[in-house]
Amino acid sequence: MRVCLFDWNAGGHHNFYARAFAEALAPRADVVVAGSDPLLSGIDSSGVELHSLGAQRPRPGPEPGLDKASLAKRELELLRGAVAATEPDHLVVLFADPVLRWLAKEPELPCRVSIFVMFATAHFPRAYGLPLTPRERASALFKEWNIRRWRRRPDAHALFGLDEEAVRRWRARSGAPARWLPEPTLEIVPLPRPSEERRGCFLFGYVDERKGIGRLADALERDCEGLELTIYGEVAPEYREQLGRELARLESAGVKLTTDLRRVPYERAMEEMAGSRCALLSFGWRPSGSRVLLEAAAARTPVVIGNDNAVGRLVERHRLGHTADPTDPVALREAILSIAADPESTARYEEDLRRYADDLHGDRFAAEVRGALGLA
């Protein structure tokens, strides 16, 4: 079987999942990755074929041609071009979210198609007790309607999702099968350090407004003098100026700040994770899944995240750390200090973190991907 993995984006989870899918499928299939040049630069070309889509997908904006519809039209042109050039038996769209409404009504493709929907929220109120605003609910229901439309297409093969509860609900409806994807096996598993050797907090990943560093600054600008905070990660260009202001607030409050704002070598990031008392996840948006949560669990590092999202519910259910209202600076500060200021915090969470990393995820990702494509 010849499989084409398609993603016009780059950075963060895009690069990671392109590699993970390629590594899972390459032993059993002829794999070609059709991606932006920045994404392809991180793919080991020894085992797969690479097909360039040129520069990565621009961010939507007010400029002509950068509205969502225009970008989706361009992306689907690139997708059809990649299919024509690579002639796959199976196409996997690795980030279908921004093109879903247009992909659902596209003419049938000459191969089987699977899509990866990373963000879904319509189930939040009933599954997690998380309210949605009227606008959020309308957007979420519109997305679910487009998912149902896509699943009825004759070329639709499988729907992948990160949120197990969302996938469970998709399975209750007809159409292309829905598959939950556990997190892929870690590239590097750090050797966890004892509690007494750990220090401070660690925030890691692609740094943009979704990390909620402004809310973090609101929480830590009082009564946190001397707290150590390390931030590693490449910064979104449009966020760099604002980030500078937020970091200045933290430093003026006496937080001992260490930053490396580039694409930090993974080994170094995981060493820092294993040496930290607390991993800070996201406070600026409502994620459906979190790679950093698994990385923290593997390092036996308890986490803090907002209580307004599906990942927060995972943290609560599996006892992996603390959650707090990200809009309440006092509550967020107390949650962070309850771990970061306690030398024994790691020991209290260690077994639950181990169970989440080893038992729930482990080596299941490759089996799920291969099984979905009939390559088990």
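Now for a description of the structure that goes with this document. Note that the structure is a prediction, hence the values are computed from the model and not measured. (Residues numbered from 1 in each chain as written. Predicted model: local features only at pLDDT ≥ 70, side-chain atom pairs only at ≥ 80, totals over all residues. Heavy atoms only, no water.)

### Regarding the overall build of the protein
Argument step 1. Scanning the protein for helices and strands turns up 15 helices and 13 strands.
Argument step 2. Taken over C-alpha atoms, the radius of gyration comes to 21 Å for the protein, in line with the 21 Å a tight globule of 376 residues would show.
Argument step 3. Along the first, second and third principal axes, the C-alpha atoms of the protein reach 60 × 45 × 40 Å.
Argument step 4. Within the protein, the proportion of its 376 residues that are buried is 55%.
Argument step 5. Accessible surface for the protein amounts to roughly 16,200 Å². Of this, 49% is attributable to carbon and sulfur atoms.
Argument step 6. Positive and negative charge centroids in the protein, built from 53 and 56 side chains respectively, lie 6 Å apart. (Helix = DSSP H or I, 4+ residues; strand = E, 2+ residues; numbered from the N terminus. Rg over C-alpha atoms; globule rule 2.2 N^0.38 Å. Buried < 20%, exposed > 50% of the residue type's maximum accessible area, 1.4 Å probe, protein only. Areas by Shrake-Rupley, 256 points an atom, 1.4 Å probe, with all protein chains shown as cover. Lys, Arg positive; Asp, Glu negative; His and termini not counted. Charge placed at Lys NZ, Arg CZ, Asp CG, Glu CD.)

### Some points on helix H13 (residues 329–340)
Argument step 1. Over its 12 residues, H13 extends 16 Å from the first C-alpha to the last, a length consistent with the 16 Å expected when each residue adds 1.5 Å.
Argument step 2. Regarding H13, the residues found buried are Leu 332, Arg 333, Ala 335, Ile 336, Ile 339 and Ala 340. The buried residues of H13 occupy an angular sector of 160 degrees when projected down its axis, which confines them to one face.
Argument step 3. For H13, the N-terminal capping position is held by Asp 328, with its side-chain oxygen 3.1 Å away from the main-chain nitrogen of Val 330. (Expected span 1.5 Å × (residues − 1). Arc of directions from axis to C-beta. Polar contact = N/O pair within 3.5 Å; in protein donor to acceptor, adjacent residues only side chain to side chain.)

### A closer look at the packing of helix H8 (residues 213–220) against H13
Argument step 1. Two elements in contact, H8 and H13, have axes separated by 8 Å at closest approach and are oriented at 80 degrees. Relative to H13, the element H8 lies roughly perpendicular. Residues Arg 215, Leu 216, Asp 218, Ala 219 and Leu 220 of H8 form the contact with H13, whose own contacting residues are Pro 329, Leu 332, Arg 333 and Ile 336.
Argument step 2. Taken together, the residues that form the contact of H8 with H13 break down as 6 nonpolar, no polar and 3 charged. (Axes fitted to C-alpha atoms, helices over the stretch in contact; angles between N-to-C directions. Parallel < 35°, antiparallel > 145°, perpendicular 65-115°, else oblique. Contact = heavy atoms within 4.5 Å. Nonpolar A, V, L, I, M, F, W, Y, C, P; charged D, E, K, R; others polar.)

### Concerning the nonpolar core
Argument step 1. Grouped together as the largest cluster of nonpolar side chains are 58 residues, with contacts concentrated most on Leu 220, Leu 229, Leu 280, Val 304 and Ile 336.
Argument step 2. In terms of residue count, the dominant contributor to this core is helix H11 (residues 291–298) (6 residues).
Argument step 3. Excluding residues that lie within four positions of it along the chain, Leu 220 makes contacts with Leu 227, Leu 229, Leu 250, Ala 253, Val 255 and Ile 336.
Argument step 4. One finds Trp 8, Leu 91, Ala 104 and Trp 180 within the second-largest nonpolar core, a separate group that totals 37 residues. (Core = buried A, V, L, I, M, F, W, Y, C linked by side-chain atoms within 4.5 Å.)

### Focus: unusual backbone geometry
Outside of glycine, negative phi angles account for most residues, and trans bonds account for most peptide bonds.
Argument step 1. Of note, the phi angle at Glu 87 is positive, near 50 degrees, even though the residue is not glycine.
Argument step 2. Relative to the helices and strands, Glu 87 is located in the loop between helix H3 (68–86) and strand S4 (90–93).
Argument step 3. One non-glycine residue with positive phi stands out, namely Arg 300, at about 60 degrees.
Argument step 4. With respect to the helices and strands, Arg 300 occurs in the loop between H11 and strand S12 (303–306).

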